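Examination of the molecular architecture
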Amino acid sequence: MSDYPIFHAGNVVLQSGLTLRDARLAYQTYGTLNADKSNVILYMTSFAAHHYDVDWLIGSGKALDTDKYFVVVPNLFGNGLSSSPSNATEPFTGTRWPYFTILDNIRVQHTLLTEHLGIHSLEMACGWSMGGLQAYHWASYYPEMVKRMVVLCGAAKCSPHNQVFIEGVRATLTADPAFQNGSFVSRPERSLRAMGRNYAAMAMSQTFYREEMWRRAGFSSLEDFLVMSWEANFLKRDANNMLTHLWAWQNANIAANDKYKGDFKAALKAITADSLIMPGSTDLYFQVEDNRLEVEQMPNAKLLPIVSDWGHRAGLPSANIEDAAFITQAIKGLLAKA
């Protein structure tokens, strides 16, 4: 018995043209929905994460204050809780798993909110990393629903450099002998450990390693950090699931749909939400300059970098009180605006 609800979305036609039957969207809610359903915040999950991996922002008195707001956290397809290779039924197993785009995800999230929960407006859409990709898609594809948006270390599309990084991670993961004919036939422990070490180099900044900032998170040596943080994190994940997330991340683009037909500037200009775009100053995935160019096209957006040596993890500061305080203050300030 799971401790989170499952929304059965029925048969979902994907952007690929395939139909996923009995699509299942796992989600969690926090706080109380008010009478007119006007206090809703949508907070999306990140790469390989479950809702409880990103809940540091949620709670009484926190940035997503459950004394005031009803927070809905949908789990990204492919994360093992929502429909994923690891819980798929025939015929969508192994190499037959249909890749979900970010747009496929937010369309089902939209159905969850509007048809199942009766919610038709959002005080805010927000997320970190792949959660930020989803927030951007929400604000562009459903601009009439999204009043505010916060993107933490994310972007409106996957940049060329980011795509190269993903290629390296995918190559590391699929080098294991367990990868056969397009999917994993057994648990690839060796490549999961290697993936963690690969990821660690880009996730944190050069300064983070030079100053041994991992000690602040309770690790006794660099090797201890790599083994107990990065290897351990990916050893908890399913390799086939992560392949689906890598694909969705790499192909993310708010203009890649029938609404905008590849016109990226038009997709950005359509975002009317009062937006805070918060890149990490040393993030090697989603760089400040990429976000600056996006904000130039958005009518109500502010660029507010997180000045931090924690790289991409500045946007998920579980062991970093300074960045956590900065993000919390910024989000509370945005929500306080009329």
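Residues numbered from 1 in each chain as written. Predicted model: local features only at pLDDT ≥ 70, side-chain atom pairs only at ≥ 80, totals over all residues. Heavy atoms only, no water.

Let us look at the overall build of the protein chain. Within the protein chain, the secondary structure is distributed over ten helices and twelve strands. Dimensions along the principal axes, computed over C-alpha positions, put the protein chain at roughly 55 × 50 × 40 Å. Out of the 338 residues belonging to the protein chain, those deemed buried represent 57%. Relative to all contacts within the protein chain whose residues are 6 or more apart in sequence, the contacts with residues 24 or more apart total 72%. Surface exposure of the protein chain reaches about 13800 Å², of which carbon and sulfur atoms provide 52%. The centroid of the 29 positive side-chain charges in the protein chain is displaced by 2 Å from the centroid of its 32 negative side-chain charges. (Helix = DSSP H or I, 4+ residues; strand = E, 2+ residues; numbered from the N terminus. Buried < 20%, exposed > 50% of the residue type's maximum accessible area, 1.4 Å probe, protein only. Contact = heavy atoms within 4.5 Å. Areas by Shrake-Rupley, 256 points an atom, 1.4 Å probe, with all protein chains shown as cover. Lys, Arg positive; Asp, Glu negative; His and termini not counted. Charge placed at Lys NZ, Arg CZ, Asp CG, Glu CD.)

All right, on to the sheet that holds strand E2 (residues 19-30) then. Taking strand neighbours across the sheet as the criterion, the eight strands line up as E1-E2-E6-E3-E7-E8-E11-E12 in an open arrangement whose pairing is mixed. One side of each edge strand has no neighbouring strand; the edge strands of this open sheet are strand E1 (6-13) and strand E12 (301-303). Each adjacent strand pair in this sheet contributes to an overall mean axis angle of 20 degrees, direction not counted. Sheet analysis places strand E11 (residues 274-278) next to E12, joined by three bridges and oriented parallel. Residue isoleucine 277 lies in a different strand from E12, and its bridge partner there is leucine 303. The strands that helix H1 (residues 102-116) touches are E1, E2, strand E3 (40-44) and strand E6 (70-74); relative to E1, the one it contacts most, it runs at about 120 degrees. Against the sheet, helix H2 (residues 130-141) makes contact with E3, strand E7 (124-128), strand E8 (148-152) and E11, and its axis sits at roughly 155 degrees relative to E7, the strand it touches most. (Pairing = 2+ DSSP bridges. Axes fitted to C-alpha atoms, helices over the stretch in contact; angles between N-to-C directions.)

The next thing to look at is the domain arrangement of the protein chain. Frequently, the measure chosen for interface size is the accessible area that the parts lose on association. You can read the domains of the protein chain as domain 1 (6-158 + 258-336) and domain 2 (163-245). Spacing between the C-alpha centres of domain 1 and domain 2 amounts to 23 Å. In this complex, domain 1 contributes 31 residues to the contact, which on the side of domain 2 involves 28 residues. Where domain 1 abuts domain 2, roughly 2400 Å² becomes buried across the two surfaces, and 60% of that area is made up of carbon and sulfur atoms. For the domain 1 face of the interface with domain 2, the top three residues by lost area are Phe47, Tyr285 and Trp310, together amounting to 27%. Where domain 1 meets domain 2, there are two salt bridges. Two residues, arginine 216 and glutamate 322, come together in a salt bridge whose shortest N-O distance is 2.7 Å. Applying the counting criterion to the domain 1 and domain 2 interface returns ten residue pairs in polar contact (both at pLDDT 80 or more). (Domains from an automatic or database assignment. Buried area = accessible area lost by both parts, 1.4 Å probe. Salt bridge = Lys/Arg side-chain N within 4 Å of Asp/Glu carboxyl O. Polar contact = N/O pair within 3.5 Å; in protein donor to acceptor, adjacent residues only side chain to side chain.)

Each aromatic ring pair is described using two quantities: the centre-to-centre distance and the angle formed by the ring planes. For the structure shown, the criterion picks out 24 aromatic pairs. Taking the centre distance of 5.0 Å and the plane angle of 5 degrees together, the rings of tyrosine 99 and tryptophan 247 count as stacked. Of this pair, tyrosine 99 sits in the loop between E6 and H1 while tryptophan 247 sits in helix H7 (residues 239-250), placing them 148 residues apart in sequence. Judged by its relative accessible area of 34%, tyrosine 99 is partly exposed. Ring geometry for tyrosine 199 against phenylalanine 234: centres 5.0 Å apart, planes inclined by 55 degrees, an arrangement best described as tilted. Of the two residues, tyrosine 199 sits in helix H4 (residues 189-203) while phenylalanine 234 sits in helix H6 (residues 222-235), which places them 35 residues apart along the sequence. Owing to a relative accessible area of 6%, tyrosine 199 belongs among the buried residues under this scheme. Looking at phenylalanine 234, the relative accessible area reads 1%, which means it is buried. Lying across the ring of phenylalanine 264, lysine 157 places its NZ or CZ 4.3 Å from the centre. Between lysine 259 and the ring centre of tyrosine 141, over which it is positioned, the NZ or CZ distance is 5.2 Å. (Phe/Tyr/Trp six-rings, centres within 6.5 Å; stacked < 30°, edge-to-face > 60°. Lys NZ or Arg CZ within 6 Å of the ring centre and 35° of its normal.)

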